[in-house]
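# Structure assessment
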Amino acid sequence: MEKETSDFKTPNANRLHIAIFGRRNSGKSSLVNALTGQDTALVSSVPGTTTDPVMKAMEVHLLGSCLFIDTPGFDDDENKLGEMRVERTLQIVERTDIALLLCEDGGILEKEWFGMLTERKIPIVPVLNKFDLRTDVDRLASDIERIFGQYPVIVSAQKLIGIQNIFRAILEKLPEDFGEQTITGGLVGEGDVVLLVMPQDIQAPKGRLILPQVQTIRELLEKRCLVMSCTTDKFQVTLQALIRPPKLIITDSQVFPVVFRQKPAESQLTSFSVLFAGYKGDIGYFTEGAFAIGNLTTQSRVLIAEACTHAPLTEDIGRVKIPRLLRKSVGEDLHIDMVSGHDFPQDLSGYDLIIHCGACMFNRKYVLSRITSARIQGVPMTNYGVAIAYLTGILDKISLNS
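The shown structure was predicted, so the numbers you read here are calculated from the model rather than taken from an experiment. (Residues numbered from 1 in each chain as written. Predicted model: local features only at pLDDT ≥ 70, side-chain atom pairs only at ≥ 80, totals over all residues. Heavy atoms only, no water.)

Take the sheet that holds strand β8 (residues 193-197) next. Strand order in this open sheet of 4 strands is β9-β8-β10-β11, and the pairing throughout is parallel. Bordering the open sheet on either side are β9 (226-230) and β11 (268-271), each of which pairs with just one other strand. If you compare each strand with its neighbour and ignore which way they point, the axes differ by 20 degrees on average. Sheet topology note: the β8/strand β10 (residues 248-251) ladder contains 4 bridges and is parallel. Bridge pairing links L195 to I249 in β10. Where helix α9 (residues 272-280) meets the sheet, its contacts fall on β8, β10 and β11, and the angle it forms with β11 comes to roughly 75 degrees. (Pairing = 2+ DSSP bridges. Helix = DSSP H or I, 4+ residues; strand = E, 2+ residues; numbered from the N terminus. Axes fitted to C-alpha atoms, helices over the stretch in contact; angles between N-to-C directions. Contact = heavy atoms within 4.5 Å.)

This is the structure in structure tokens:
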């Protein structure tokens, strides 16, 4: 089970995910502690002390909101338990924005992992740790440069030497477009009136809004938009209270048909889930994937995947409402599987369609890794909001954040 500490400011899904990979006892936990300035991870000379990924959220000057992830050693495969730990490490790879790769013995054993990370287009910072305990630092560093094409950052995590050089290396590796993706894109600007139609979701704790609503409101306020909110039953009354129609109406996908029938003709319409399809994933691929619904038969198999894990509730959107709409369209015998959290099949070949939630709990890198897996295996993929728009016949009439 993953262990996590947080500063409770920025959702982890919106943070730069920096994962530390390396062999057992290579100093990964010490490095995480040095980077975060806290005893975030347990440090021991016993190999295999880190048995689960350990996460620490913090703010870093120039980098912004980060999530540092300490992982089990990738050479811990001597028994079944060790294999499970390595599997946990492999799962972290799918979420990693930037990798710190600790190299021993000139990086020979790390070469395979370097290739895997490179194949996934993950920026890598090679690190040579424990330089104060080595007598052949120059030779090892040269070997690492020859193998990886990069000179390593040389540090002593234990003595806190060279740590700032790692931060500088991370900054240099930061993807140019990181953080530029926005929820509403170019749909609205300063002074535009935006109306949010927000049913009180029973999945949200009493007194709170669900995360996509909170994040959308925050972004709209930062854009200096004029934001109004209402529940579905007060939609018409709210429209009448406005002196002009809203530029954009953002609704819960579950009430798309109701809001579409009542909205002013000049107002654009979208949903929180549709906006997050573009914010977290690939809206083009999701839109294309929605049309695969029209090709489904009762012999087809559909996988519904949601990011958060919660006990099934009455009229749950993923477990009840979308399956109901699909079976109404395709037939009652349509086979539908459900997964949640980080459970996602590696082999997707048995499915004819994947429908993913808005993924507000995942970082964009993780969602894109799932999309890549679906693309490679030739499986169409869409998301909750886009699928509902298609099934209710209004996909061509809603606005997308592209």
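Scanning all chains against the criterion turns up 15 salt bridges. Between E94 and R120 there is a salt bridge, and its shortest N-O distance comes to 3.3 Å. A residue pair is termed long-range when its members are at least 10 positions apart, and E94 in the loop between α2 (80-93) and β5 (98-102) and R120 in the loop between α3 (111-119) and β6 (124-128) qualify at 26 residues. Given the relative accessible area of 22%, E94 is considered partly exposed. Overall, the relative accessible area of 32% leaves R120 in the partly exposed class. Salt-bridge contacts for R218 lead to E222; the nearest nitrogen and oxygen are separated by 2.8 Å. Placement of both R218 and E222 in helix α6 (residues 211-222) is noted, with a separation of 4 residues, approximately one turn of the helix. (Salt bridge = Lys/Arg side-chain N within 4 Å of Asp/Glu carboxyl O. Buried < 20%, exposed > 50% of the residue type's maximum accessible area, 1.4 Å probe, protein only.)

Here we take up the nonpolar core. Core analysis: the largest hydrophobic core is formed by 54 residues, its most contacted members being V302, L326 and I355. The element contributing the most residues to this core is helix α13 (residues 384-391), with 5 residues. Excluding residues that lie within four positions of it along the chain, L326 makes contacts with I293, L296, V302, G331, L334, I336, I355 and L391. I18, V60, L63 and A169 belong to the second-largest nonpolar core, a separate cluster that totals 25 residues. (Core = buried A, V, L, I, M, F, W, Y, C linked by side-chain atoms within 4.5 Å.)

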